[in-house]
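Here is how the chains run, residue by residue.
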Amino acid sequence: MTGRAWLRRLWPLAPVLGALVITSGLLLLFGVSPFEGFGALLQGAFGTEAKVLSVAAFWVPLTLAAAGLVVAFTAGLWNIGVEGQIVMGAVASSWLALRFDAPRPILLVAEILVAMAAGALWAGVVAIFKTRGGVHEIFGGLALNNIAIIFTNYLISGPWQPPEGGTFRGTVPFPEKALFPLLGVSRLSPLSIALTLGALAAVYFILRGTYWGLKLDALGRNPKSAFLLGVSSEREMILAMMFCGALAGLGGSVRVLSWFDSLRQSISGGIGFLALLVVMLALFRVVLVPFVAFFFSAVLSGSISLQLRTQLHSSLGGILTSVMVLLVLLFGDYRQLGIFGSRGGKALADE
Amino acid sequence: MSKRFLFRLMALLIIPALLLSACAGGTVEEEQEFVFGVVLVGPKNDRGWSQAHYEGGQYVEENMPGARMIVFESLNPADKPEATLEGVVDDMVADGAQLVFTTSDEFEEDTLGAAEKYPEVTFISISGDDAWAEGQDAGKAPPNLGNIMGRMPDMKAVAGCAAALATETGKLAYLGPLINFETRRLAASAYLGARYCYDEFRGMDPDDLEYTVTWIGFWFNIPGVTLDPTEVTTNFIDSGADVVLSGIDTTEAIVVSGQRADQGERVFAVPYDFVGACDEKPEICLGVPYFNWGPDYLETASAVEAGSWEQEWEWNKAAWDALDDRTKTPIGWIHGPGLTDEWKADLETFIDGMASGDVVVWKGPLNLQDGTTYLEEGEVATGQQIWYLPQLLEGMEGPSK
Amino acid sequence: MHIQLQNIHKHFGDVKANDGITLEFEPGKIYGVLGENGAGKTTLMKVLSGYHKPDHGTIVIDWTDRSFFSPADALAAGIGMIYQDPLDVPSMRTVENYVLGRSGALAVDLGKAEEELTAFASTVGFEVNPRAYIDTLSLGERQQLELIRLLSLGADLLILDEPTTGISADQKEQLFNSLQKLAGKDGKIIILVSHKLSEVQELCDEVYVLRRGRKVGGVTLPATKQSLVSLMFEELPKRTERASYIREHTIMQLQDLQLSDGRILVGPLNLELHAGEVLGLAGLEGSGQQLLLRACAGLVEAESGKIIIEERDMTRFGYHKRREEGVAYMPSGRLEEGLVEGLSLTDHFVLAEPQHGFVIQRERYQQLTEERIDEYQIVGQSTSRVEELSGGNQQRALLALLRKSARLILLEHPTRGLDVRSAEWIWQVLFQRAAEGAGIIFFSADLDEIIERSDRIAAFSGGQMSRIVTADQTTTDELGHMIGGEL
Ligand SMILES: Nc1ncnc2c1ncn2[C@@H]1O[C@H](COP(=O)(O)OP(=O)(O)OP(=O)(O)O)[C@@H](O)[C@H]1O
Ligand SMILES: [Mg+2]
C-alpha cells in the first residue's frame with residue numbers, strides 16, 4: 001500500500017485527534033492536567049466491571065438507532081424523527097408490560113415486536129408526510145418527536161400515573177417477568193446484545209447484497225435517476241424510514257425494559273440525536289457504527305467520573321464528542337479535500 | 001474552503017465551550033478531609049429546588065473544616081441519558097464520599113439500592129419516607145439510609161395567612177402541580193392558615209373565604225399536556241381572586257399577577273420554594289416560603305463524621321424566631337415587599353403563635369372534602385395524618401384526586 | 001495572457017486519458033478542441049482549470065510555470081471553466097450564487113451585488129433576473145450565469161466544454177456573439193470543446209484535434225468539414241443507406257391527447273406509431289415535444305384523451321407499470337437524470353433489469369454488464385463508476401440500459417455529446433431495434449439528424465403539433481417554417 005493510501009485509510013481518525021487536542025487545551029485552561037482528565041475518563045468508562053457493563057448497556061440503544069439511521073441516510077433521508085421513534089417504541093413496550101400478562105418468553109417477544117411496530121409506524125408517518133404532503137422529513141420528524149414526548153408525559157401524568165406514594169416522573173416499575181433478563185446487577189441484557197448484533201448484520205447484508213439496499217443507495221444519490229431506472233421512490237422511502245423506525249423502537253424497548261424498569265419522562269433523552277452524530281462520525285458506514293457508538297458511550301459514561309473528579313462542567317464529554325463530529329463534518333469527506341485528486345473539487349470551486 | 005473560514009468556525013466552536021466550562025472551578029486537596037456527595041436532579045443554578053440543595057452543600061463546606069463536596073448536577077434522563085444514580089454513587093464512594101445526599105423523589109428507589117450496596121456509607125434521601133418508622137414504607141430502608149425534609153406545611157400556613165390578610169374580595173386561588181400526598185398537604189395547610197387569619201385578624205367569617213385549587217397536572221408547564229399555568233392564573237384573577245398562591249416549580253403565578261397589577265388591578269402573589277422568588281415582581285409579592293438545607297446538612301455531616309449519626313426520618317421544624325436566618329432554619333419565610341406594615345404586624349403575631357404552639361391550624365373540627373370527619377373538635381393532627389392527608393379539606397374547591 | 005500546456009499526462013488506472021499533450025493558446029483567439037468520445041478533451045480541460053492535477057507536465061502562463069491545487073486557484077490565475085456535465089443545482093437566488101466565492105466581509109450587500117450583476121450581464125449581452133431561483137432557470141440561462149460569474153471573477157481564459165448541447169438556438173446565438181466579442185474586443189482566450197463541426201467552423205480561429213490522449217493535429221480555420229473529420233478518426237465513418245422497417249402493426253395510438261405542464265398546453269393530439277417506425281419530433285425547447293415523450297413514458301399525466309399502447313389503454317399507467325409493459329425511455333440529463341453518480345455500471349444494470357428474488361446475484365449481472373459493454377462499445381469496466389466515463393460513453397451507457405424487450409422506445413437527444421462516428425453507430429443499433437419491430441420516437445435539437453434518421457417527422461410550436469411529413473420528402477427549410485409556427 002502506498003503512503004497516500006495509508007493516509008486515506010487513517011484520515012477518519014484525524015478529527016478524533018483534533019478533538020483530543022482541543023479538549024486537552026480546555027482541560028489545561030482550567031488547571032486540570034489532560035493526563036489526569038483523560039485518566040479519569042478512562043477510569044470512568046472501564047475502571048470496574050460495573051462500568052464496562054454500563055457502557056455496553058448504553059451502547060445498545062445507541063447502536064440500534066444508528067444502524068437504522070444508516071439505512072435512512074443511504075436513501076438520502078434525514079430521519080431526525082429517530083428520537084421520537086425511540087420514545088414510541090418505549091411507550092409501546094411499556095403498554096404491554098403494564099397491561100398484559102403472559103409467560104415471560106411470549107411477553108418479551110411481544111414487547112419487542114410491538115416496540116418495533118410502533119417505531120416503524122411513527123417513522124412511516126414522517127415518510128408519508130414527505131411523499132404525500134411534501135413536508136420535509138426534518139420538520140415532520142421534529143414535530144413527531146415533540147408529539148411523542150408530549151404523549152409520554154400525558155401517559156405518565158394521566159392514565160399511567162402511579163398510585164399515590166410512588167415517584168411522579170414515571171410509571172410504576174414493571175413486573176419482573178416483563179423485563180429483559182439482566183447480567184448480574186448491571187443494566188445490560190444478553191438479549192439486547194444479541195438483538196443489536198443481529199440488527200447490525202441485517203443492515204450490513206441489506207446494504208451490501210440486496211436489491212433493496214442498492215435501490216436505497218441509488219435513491220439517496222439521485223432520486224430522479226433512480227426513479228427512471230425503475231426504483232419506486234415513494235415505496236422505498238417509506239420502507240427505509242420504517243426500517244429505521246423499527247430499529248429505533250427496539251432501542252426504546254431496551255431502554256424501558258433493561259436500562260429502566262418503567263416508563264420515564266425522558267426515556268430517550270437525546271439518544272436519537274446522539275445516534276445521528278454517531279452515523280456521521282462513522283462516515284455513514286455500518287461497519288464503523290458499532291465502534292463509534294461504543295466510543296461515544298465510553299466517552300459519555302467516562303465523563304461522569306471526569307466531572308466528579310475535576311468538578312468541571314459535566315458537558316466536557318459532550319463537548320469532546322461534538323467537537324469531533326464537527327471536525328468530521330469540516331474535513332470529513334477526504335475526497336472533498338481535493339488532495340487525492342478525484343471528484344469533489346467542483347464543490348470547492350464555489351468557495 | 002479558505003483557511004480564514006476554518007479559523008472562524010473553530011473560534012465559533014471553542015468559545016461556547018470555554019464559556020460553558022467557565023462556570024466551574026477547580027479543587028483543592030486537603031489532608032483531613034470529609035467528603036460528601038450531593039446528587040442534583042437539575043442544574044445547580046436553577047433558581048429553585050436544586051440550587052437550594054447546592055447551597056446547602058456549600059454551607060457545609062464553609063462551616064465544617066475539611067469538608068469537601070462532590071456535586072453531580074442534572075442527573076435526569078433528559079439531560080444525561082447515559083448516567084445512573086448507581087454509577088454516580090459508585091464514583092462518589094470511590095472518591096472517598098462517606099455521606100451522599102440524593103435530592104429528588106426520583107432517586108428514592110435507586111437510593112435504596114445504593115444504600116444496600118454501600119452499608120458503610122450514609123445516604124440521605126431527601127423528601128423520602130423510607131426511614132420513617134410510622135410511615136407507609138416503614139422497614140424498607142437499611143440502617144444507613146435516612147430522610148430529611150423540611151416541615152413545609154408550616155410555612156404554607158404562613159403563606160395562607162398572608163394571603164388572607166391581603167385579600168379584599170375574599171377569594172384566594174392556589175396554583176397546584178399534580179395531586180399527591182405532598183401537594184394536597186401543602187394546599188390544605190395554606191388554606192388552614194388563611195382561615196385562621198381571616199377570622200382572627202380580619203374579623204370575617206372564615207366560611208365566607210373562597211379558596212380554589214387548580215391542579216395543572218405537573219410541576220411545570222408542558223404544552224398540550226398540563227393546563228397552561230399562565231392561563232390558569234389569568235382565570236383566577238378574572239373570576240375575582242386577588243391573591244394567587246403558587247405550588248408549582250415555575251414563576252407564572254407572580255409573573256401574570258404582576259402584569260395584571262401593572263394594568264391597575266389589585267392582585268398579589270405568593271411564589272414558592274426559592275429564596276429569591278419575589279424578585280420577579282417585588283411590589284406584589286407577599287412573601288415566599290423556602291427550603292434552606294444548610295443547617296440540616298451540616299448537622300448530618302457532623303454527626304456522620306463523629307460516628308454518631310443514627311437512622312432518622314427528619315421532618316424538621318422551622319427555627320421560628322429566625323425564619324429569614326439561613327444559618328438556623330431548615331425552612332423559612334421571607335416577607336415580601338408587598339406586605340403593608342399592618343399586615344406584617346399581624347403576620348408576625350401569627351408566626352409567634354405558631355412558634356409558641358398557641359396557634360395550631362391543623363386542629364379539629366375539620367372535615368374532609370367529602371364530608372367525612374377528619375379531626376374531631378379540639379383534636380390536633382398527628383404527623384401521619386398531615387403527611388398522608390387523603391383528600392382536600394371541606395371548604396376548599398378543587399379536585400382531591 | 002498566453003498559455004502553454006507542455007507534455008501533459010493524466011492517467012486513470014490503466015486509462016491514459018492524456019498521454020503527453022502539448023498545446024499553445026494566444027490571446028484574442030477562439031480555439032476549438034475536437035476529438036472522438038473518450039479522446040481526453042474533458043480531462044485536458046480539467047487539468048488546465050485546476051480540477052485535475054496532471055501526473056506529469058506543466059502549465060505555463062505568460063512564460064512562468066504554474067500549478068493549481070483547485071479550480072479556485074486556477075480562477076485566481078484567470079482560468080475559468082464551464083463544465084460538460086450539468087452543475088449541481090442549488091436552491092438559491094441568482095444573485096446569491098453570484099456573490100458566492102467572493103472573499104471579503106461576512107455580510108454581503110445583496111442590493112449592490114444585484115446592480116453589479118445586471119450591469120456585468122449587459123456588457124456581455126445577456127439579460128438576467130438576479131432574484132430568480134437557479135433551479136427554475138433553463139440550462140442555457142444557468143450557463144450564461146456561470147459565464148458572467150467567471151468573467152466577474154476575472155477570468156481571462158474561458159473553457160466551454162460542449163456548451164451548446166441542450167440550449168436553444170437563440171441562446172446559442174447569444175452565446176456565440178458574446179464569445180466573439182470577448183475574444184475580439186477584450187482579448188480573452190476562448191476554448192470550445194464540441195462535436196458539432198459546423199459550430200467549430202463558424203466560431204473558431206484555430207482547432208486542435210485529440211485522439212486517444214494525444215494531439216494529432218492543429219488546423220487554422222477555415223478548413224473543410226472533411227479534413228477535420230479525417231483528422232479526428234483513423235477510419236472514416238461510413239454512411240450506410242437507411243432502409244425502412246415500417247410494418248402494418250400499430251405500436252401506439254394517441255387519441256385526442258391533451259397535456260399541460262402549467263406553462264403550455266399541448267394537443268389535442270392524434271397519432272399512430274407503427275412497429276419499426278422512427279418518428280422524429282422537431283421544435284424549440286419547451287414547445288411540447290418533451291411533454292409528449294414524457295406522457296408516452298407515463299411520467300406526465302394526460303389531461304384528457306387516451307394513450308393506447310399495443311392495443312391496451314395505458315393512459316392511467318404510471319411510468320414503472322409502462323416499463324414493465326415494454327415502454328423504454330431515455331432522458332436527456334445523463335448524470336442529472338438517468339445515471340446515478342457513485343454507482344457502477346453493473347449497479348445500473350441491476351436496477352434497470354427485472355428483479356429476481358431479494359438477494360442480488362452479482363456474477364449474473366456482471367456478465368450481463370460486460371456483454372452490454374461490448375455490445376455498445378462503452379470504454380470502461382463493469383466496475384467503473386458512471387462519472388468516470390467520458391460524456392459520450394455515459395450516453396452509450398444510457399442507451400445500453402434500455403431494456404431489450406422494449407416495444408416502444410422514447411429518446412431525448414439520443415446522440416447528444418456523441419462524436420460523428422459514435423452517433424452513426426448508435427443509430428445503427430437503434431435501427432436494429434426498429435427492424436426487430438420496436439417503434440421509436442425521438443427528439444433532437446439537430447434538424448439534420450431528424451431528417452436523416454426518421455421515417456416521419458412532426459414539428460411542435462407553442463404546444464401545437466404540425467402535420468406529419470415524410471422524412472425523405474422534406475427539407476430543413478420546410479421544417480424550419482413548421483417550427484416557426486406554419487403548421
Ligand atoms: N475520474 C475518472 N476516473 C477514471 N477514468 C476516467 C475519469 N475521467 C475520465 N476517465 C477516462 O478518461 C478517458 C478520457 O475521458 P474524457 O472525459 O477526457 O473524454 P472526452 O474527450 O471528454 O470524451 P467525450 O467527448 O465523450 O466527452 C475516458 O476513457 C474516460 O473513461
Ligand atoms: Mg468530455
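Above this note sits the structure.
Residue positions within a chain follow its written sequence, with the count starting from 1. Each chain is given a letter, starting from A, and each ligand a number, starting from 1, according to the order in which they appear as written. With pLDDT at 70 or above as the cut-off, local features in this predicted model cover only qualifying residues; side-chain atom pairs require 80 or more to be listed or tallied, and sums for whole chains, interfaces and linings still use all residues. Hydrogens and waters are ignored; side-chain quantities use all the structure's heavy atoms.

Caption draft 1: Structural view of the packing of helix 12 (residues 271-281) of chain A against helix 13 (residues 289-310) of chain A. Residues and elements named next belong to chain A. Viewed as axis vectors pointing N to C, helix 12 and helix 13 meet at an angle of 130°, and their least axial separation amounts to 9 Å. With respect to helix 13, the axis of helix 12 lies oblique. Viewed along their axes, helix 12 and helix 13 form a crossing whose handedness is right-handed. Contacts from L274, L277, V278 and L281 of helix 12 reach helix 13 at V289, V292, A293, F296 and L300. For this scheme, ten residues count as nonpolar: Ala, Val, Leu, Ile, Met, Phe, Trp, Tyr, Cys and Pro. Four count as charged, namely Asp, Glu, Lys and Arg, and the remainder, Gly too, count as polar. Per-class residue counts for the contact of helix 12 with helix 13 are nine nonpolar, no polar and no charged. Angles here are taken between N-to-C directions and fall from 0 to 180 degrees, while the axes themselves are lines fitted to C-alpha atoms, restricted in helices to the stretch in contact. The secondary structure listing takes helices from DSSP runs of H or I that are at least 4 residues long and strands from runs of E that are at least 2 residues long, numbered from the N terminus. Here the angle decides the label: under 35 degrees means roughly parallel, over 145 means roughly antiparallel, 65 to 115 means roughly perpendicular, and every other value means oblique. For a crossing to be left-handed, the near helix must be turned anticlockwise from the far one by less than a right angle; the clockwise case is right-handed. Residue contacts are counted whenever heavy atoms from the two residues lie within 4.5 Å of one another.

Caption draft 2: Summary view of the pairing of strand 11 (residues 313-316) of chain B. All names here are of chain B. Here strand 11 shows two buried faces, one formed by W313 and W315 and the other by E314 and N316. A pair of strands is labelled paired if DSSP reports no fewer than 2 bridges between them. Bridge analysis of strand 5 (residues 145-150) against strand 11 gives four bridges, and the strand direction is parallel. In the sheet register, G150 faces strand 11, and the bridge partner there is N316. Summary of the burial criterion: residues with accessible area below 20% of their type's maximum are buried, those above 50% are exposed, and those between are partly exposed, where the area comes from a 1.4 Å probe applied to protein chains only.

Caption draft 3: Focus on the environment of B:C285. Take B:C285: it is sitting in the loop between strand 9 (268-270) and strand 10 (287-291). If we skip the residues at most four places from it in the chain, B:C285 touches B:I254, B:A269, B:P271, B:C278, B:G336, B:P337, B:G338 and B:L339.

Caption draft 4: Representation of the state of the cysteines in the model. Residues and elements named next belong to chain B. A pair of cysteine sulfur atoms is labelled a disulfide when the two atoms are within 2.5 Å. Enumeration according to the criterion identifies two disulfides over all chains in this entry. The disulfide bridge from C161 ends at C197, spanning 2.0 Å between sulfur atoms. Disulfide C161-C197: torsion about the S-S bond near -100°, hence left-handed. One end of the pair, C161, is in helix 5 (residues 152-166); the other, C197, is in helix 6 (residues 181-200), and 36 residues separate them in sequence.

Caption draft 5: Fine view of the site of ligand 1. Residue and element names in this part refer to chain C. Near ligand 1 lie 19 residues; those nearest to it are K41, T42, T43, S390 and G392. In protein, a polar contact requires one atom able to donate a hydrogen and another able to accept it; more generally it is a pair of N or O atoms within 3.5 Å, and residues adjacent in sequence count only if both atoms are side-chain atoms. A distance of 3.2 Å is found between an oxygen atom of ligand 1 and a backbone nitrogen or oxygen belonging to A39. S390 is positioned with one of its side-chain polar atoms (N or O) 2.8 Å from an oxygen atom of ligand 1. Only strand 2 (15-25), helix 1 (41-48) and helix 13 (391-401) provide two or more residues apiece to the shell around ligand 1. Sorting elements by how many residues they give to the shell around ligand 1 places helix 1 first, with three residues. Throughout, near means a residue has at least one heavy atom within 4 Å of the molecule or strand.

Caption draft 6: How the structure looks around empty space enclosed by the protein. Residue and element names in this part refer to chain A. Here a cavity denotes grid points, spaced 1 Å and computed from the protein atoms alone, that fit a 1.4 Å probe unable to get out, and a pocket denotes an open set having protein on both sides within 12 Å along at least 5 of 7 lines; residues with an atom within 4 Å of a point are the lining. Grid points are joined across faces, edges and corners, and a volume is the space filled by probe spheres set on the points. For the structure on display, the rule yields three cavities of 30 Å³ or more. Volume-wise, the largest cavity comes out at about 40 Å³. Around the largest cavity, the lining residues are A57, V60, P61, R187, L188, S192, V254, R255, S258 and W259. Only helix 4 (49-74) and helix 11 (233-259) provide two or more residues apiece to the lining of the largest cavity. Residue contributions to the lining of the largest cavity peak at four residues, all from helix 11. Looking at the lining of the largest cavity residue by residue, the classes come out as six nonpolar, two polar and two charged.

Caption draft 7: Molecular detail of the packing of aromatic side chains. In this scheme Phe, Tyr and Trp rings, the latter by its six-membered ring, pair at centre separations within 6.5 Å, and the angle between planes marks the pair as stacked below 30 degrees, edge-to-face above 60, and tilted otherwise. By the definition in use, this model includes 32 aromatic pairs over all chains. Arranged with centres 5.8 Å apart and planes meeting at 65°, the rings of A:W212 and A:F243 form a pair that is edge-to-face. Within this pair, whereas A:W212 is found in helix 9 (residues 211-221), its partner A:F243 is found in helix 11, the two being separated by 31 residues in sequence. An angle of 85° between the planes, with centres 6.5 Å apart, marks the rings of C:Y319 and C:Y329 as edge-to-face. A residue pair is termed long-range when its members are at least 10 positions apart, and C:Y319 in helix 10 (residues 319-324) and C:Y329 in strand 16 (residues 327-330) qualify at 10 residues. In this structure, C:Y319 and C:Y329 share a single accessibility class: buried. Here the aromatic residues B:F36, B:W49, B:F101, B:F291, B:W293 and B:Y297 are joined through ring pairs into a cluster of three or more. The criterion for a charge sitting over a ring is simple: Lys NZ or Arg CZ within 6 Å of the ring centre, and within 35 degrees of the ring normal. The residue whose ring lies beneath B:K156 is B:Y272, and the NZ or CZ to ring-centre distance is 3.9 Å.

Caption draft 8: Focus on the nonpolar core. A:L62 and C:L411 are the most contacted members of the largest nonpolar core, which has 152 residues in total. Dropping the residues within four chain positions of it, C:L411 is found in contact with C:L293, C:M330, C:L399, C:L402, C:L430, C:I440, C:I441, C:F442 and C:F443. Of all hydrophobic cores here, the second largest spans 136 residues; its members include B:F34, B:A159, B:Y191 and B:A194. The definition of a nonpolar core used throughout is a set of buried Ala, Val, Leu, Ile, Met, Phe, Trp, Tyr and Cys residues joined through side-chain atoms within 4.5 Å.

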